[in-house]
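Per-entry structural report
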Amino acid sequence: MPVANSLVLTSLIVLSLPGRIWADPFHFENLENRAASLAEKPFVPFPENPPLLSNLSYDQYRAIISSEKGQSQRKDGTPFRIEFLHPGYLFRVPVKIHFLDPATREPALFPFDPELFDYSELVLPEKLDTATIRGYAGFRIQHPLHGIPENFDEIGSFAGSSYFRLLGKNQRYGISARGLALNVAHHAAPEEFPVFTEYWIVRPEKDDTTLTFYALLESESVTGAFEFVVHPGDTTSAAIRSSLYFRKEVASAGLAPLTSMFWYGENSQERRFHDWRPEVHDSDGLLFHTWNDERVWRPLFNGEQIRYTHFNAPDLQGFGLMQRDRNFHHYEDLSNPYHLTPTAWVQPGEKWGEGAVRLIELPTVSEADDNIVSFFEPRTPPRSGDVLKYSYTLGMKLNDEKALSPNRAESTRVGVDTAFPDTRRFVIDFDGPELQKLAADAGVFAEISSSANGFINENQCFKNVMTGGWRVEFKLDTDDDNEAPVELRCLLKLPSEDRILTETWSYQWSP
């Protein structure tokens, strides 16, 4: 999100290797063995940096800037640069960062170096003893996305618990990913935030097109070994593999979790805020691709209560939180260009088996809160001693996202029927290459269904002469005595050919 984007301060350094800390050449299997060994022992609470750092305000944290040494440019011509992030403020757990020699795989720790930072503008009640700082907050990655070797762009940030973000060409930060989500908004257990406590980065060479690094994940309930292979481009992607080792049973394990912000959008007429912009969100919907090739689109909503939705999705082909609306004038925000925030798409590397896509929508009254979470949840919660291994690719998309679901619901609008205040009118615009080819008299039909407490009236489907797509309009009534949410589904069909034309639009409306 825009606020978080300005929080983390960085320093650019030369990748030197001060000293070895691993007895053998480093491989992913070494990290798996370490994670497995840690899982057999009681959890040790995370160490923290000095309280003076943890108690920094936002403005104090921003006062720590890169020093001249930290700003020095490397001359070796490699296509990746690593920036270290200073600890403090929200980043309390010291993170160790190592570098791996690409030839020998020998690791070396890069200890915290205060000379990389300038503290002259930092005002504190007492002197900060930098000798007591035990690690960094994390790191950022730079790469020349636009083809000019000397002009480096930020393509990723790994900082805070197991959070990370990636950027492709012409994208701006919005959505975040996590290594693992545990017990998110769960009634049976408090949420647990695993932490990437150590990283091992393969020192980049001149001809590298990808950056490879590894991470150790730790929490009270689980340890894990992660491998990331980051490939920058128009869509910057990361090939990720993970091995998780559970110390104890958890109520819910969320794989490949995504976190985003939805304050209000075009479907928020009943809960608008006093803001000058038409819409404010980093993502506007969840898309998932089922085993039988159905694509389901769920527009996001910011209500007054937590919404926790379960979509059964065995052998899932992919899922993601998307920003479909790319029209600048739907946001009118030059400071926070929401029309450029990426879509995050998760594609499993192999079948993940039985499970569900979860969507959690938390109420918020501000764009500063990440209130949307989505992940894949295995059907059986992991127990003590369980090992879970899986892989996936995470891609950050902008211009190529329509390929994920070409014939799709572009917008959802909901309003009160002026004649009947308890009735809601829905207007859905579908568009895509197949729909554009169909004439107005093609006989396209909108198949709409509702849960038992909802009643659909006045189903209309017609060519949108302004866009070339198709518009669906219908009215929804509910039982007067039933205040349960109504589940709705809609897709377009061509009955003459017995053919489904679009993805499935899915929506929950609460009385």
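Quantities reported herein were computed from a predicted structural model and do not represent experimental measurements.

**Re the overall build of the protein**
- Each helix and strand counted, the protein has 6 helices and 34 strands in total.
- For the protein, whose C-alpha radius of gyration is 24 Å, the value lies close to the compact-globule estimate of 24 Å for 511 residues.
- With respect to the principal axes defined by its C-alpha atoms, the protein has extents near 70 × 50 × 45 Å.
- With 511 residues in all, the protein has 56% of them scored as buried.
- A separation of at least 24 residues holds for 70% of the contacts in the protein among residues at least 6 apart in sequence.

**Quick word on the pairing of strand β9 (residues 163–166)**
- Pairing between strand β8 (residues 153–159) and β9: 3 bridges, direction antiparallel. Residue pairing across strands places Gly156 opposite Leu166, the latter belonging to β9.
- With 2 bridges connecting them, β9 and strand β10 (residues 176–178) associate as antiparallel partners. Of the residues in β10, the one forming a bridge with Phe164 is Ala177.

**Brief notes about the side chain of Ser176**
- With respect to the element layout, Ser176 can be found in strand β10.
- Residue class for Ser176 comes out buried when judged on its relative accessible area of 7%.
- For Ser176, the contacting residues outside a window of four places in its chain are Tyr163, Phe164, Arg165, Pro257, Leu258 and Thr259.

**Concerning helix α2 (residues 28–39)**
- In a regular helix each residue adds 1.5 Å, so 12 residues correspond to 16 Å; α2 covers 17 Å between its end C-alpha atoms and thus fits that length.
- Among the residues of α2, Phe28, Leu31, Glu32, Ala35 and Ala39 are the ones counted as buried. Projected onto a plane normal to the axis of α2, the buried residues spread over an arc of 105° and lie on a single side.
- Here the buried face of α2 lies against β12 (195–202), β13 (211–218), β14 (222–231), β15 (236–246) and β26 (387–397).

**Some remarks on the packing of aromatic side chains**
- Applying the stated criterion to the full structure yields 41 aromatic pairs.
- Between Phe99 and Phe110 the ring centres are 6.2 Å apart and the planes differ by 85°, which places this aromatic pair in the edge-to-face class. Residue Phe99 is located in strand β4 (residues 96–100), and its partner Phe110 is located in the loop between β5 (107–109) and β6 (117–118); the two are separated by 11 residues in the primary sequence. Accessibility classification places Phe99 together with Phe110 in one group, the buried group.
- Centroid distance Phe226 to Phe228: 6.1 Å. Interplanar angle 15°. Geometry classified as stacked.
- Residue classification places Phe228 among the buried positions, given a relative accessible area of 0%.
- Aromatic ring contacts, followed pair by pair, group Phe139, Phe158, Phe164, Phe196, Tyr199, Phe213, Phe226 and Phe228 into a single cluster.
- For the cation-ring pair, Arg81 lies above Phe152, with the distance from its terminal atom to the ring centre recorded as 3.7 Å.

**Details of the sheet that holds strand β31 (residues 470–478)**
- The strand order across the open sheet built from 4 strands is β27-β28-β31-β30, with neighbouring strands paired in antiparallel fashion. Both outer strands of the open sheet, β27 (408–416) and β30 (454–463), are each paired with one neighbouring strand and no more. Averaged over all pairs of adjacent strands, the angle between their axes in this sheet comes to 20°, without regard to strand direction.
- In this sheet, β31 lies alongside β30 in antiparallel orientation, the contact comprising 8 bridges. The residue of β31 that forms the bridge with Lys463 is Trp470.

**Comments concerning the confidence of the model for the protein**
- Looking at the protein, pLDDT values average 91 and 94% of them are 70 or higher.
- Throughout residues 1–22 the model reports pLDDT below 50, and contacts reaching past four residues in sequence, or to other chains, amount to 90 contacts.

**Structural notes on the side chain of Lys463**
- With respect to the helices and strands, the residue Lys463 is situated in strand β30.
- For the buried Lys463, which has no salt bridge, the nearest side chain bearing the opposite charge is Asp431, at an N-O separation of 7.1 Å.
- Within the structure, Lys463 has its side chain in polar contact with the backbone oxygen of Leu435 (distance 3.0 Å).
- Engagement of the side chain of Lys463 in a polar contact is seen with the backbone oxygen of Leu438, the distance being 2.7 Å.
- Setting aside chain neighbours within four positions, we find Lys463 in contact with Leu435, Gln436, Leu438, Ala440, Gly468, Gly469 and Trp470.

**Concerning the pattern of salt bridges**
- If you walk through the whole model with that rule in mind, you get 31 salt bridges.
- As a salt-bridge pair, Glu354 and Arg379 come within 3.9 Å of each other at their nearest N and O atoms. Residue Glu354 is found in the loop between β23 (343–348) and β24 (355–361), and its partner Arg379 is found in the loop between β25 (372–378) and β26; the two are separated by 25 residues along the sequence.
- Relative accessible area serves as the criterion here: at 44%, Glu354 is assigned to the partly exposed category.
- Among the residues examined, Arg379 registers a relative accessible area of 65% and is labelled exposed.
- The network of salt bridges with common partners includes Asp417, Arg425, Glu458, Glu473 and Lys475.

About the thresholds
- Residues numbered from 1 in each chain as written.
- Predicted model: local features only at pLDDT ≥ 70, side-chain atom pairs only at ≥ 80, totals over all residues.
- Heavy atoms only, no water.
- Helix = DSSP H or I, 4+ residues; strand = E, 2+ residues; numbered from the N terminus.
- Rg over C-alpha atoms; globule rule 2.2 N^0.38 Å.
- Buried < 20%, exposed > 50% of the residue type's maximum accessible area, 1.4 Å probe, protein only.
- Contact = heavy atoms within 4.5 Å.
- Pairing = 2+ DSSP bridges.
- Expected span 1.5 Å × (residues − 1).
- Arc of directions from axis to C-beta.
- Phe/Tyr/Trp six-rings, centres within 6.5 Å; stacked < 30°, edge-to-face > 60°.
- Lys NZ or Arg CZ within 6 Å of the ring centre and 35° of its normal.
- Axes fitted to C-alpha atoms, helices over the stretch in contact; angles between N-to-C directions.
- pLDDT = per-residue confidence, 0-100.
- Lys, Arg positive; Asp, Glu negative; His and termini not counted.
- Salt bridge = Lys/Arg side-chain N within 4 Å of Asp/Glu carboxyl O.
- Polar contact = N/O pair within 3.5 Å; in protein donor to acceptor, adjacent residues only side chain to side chain.

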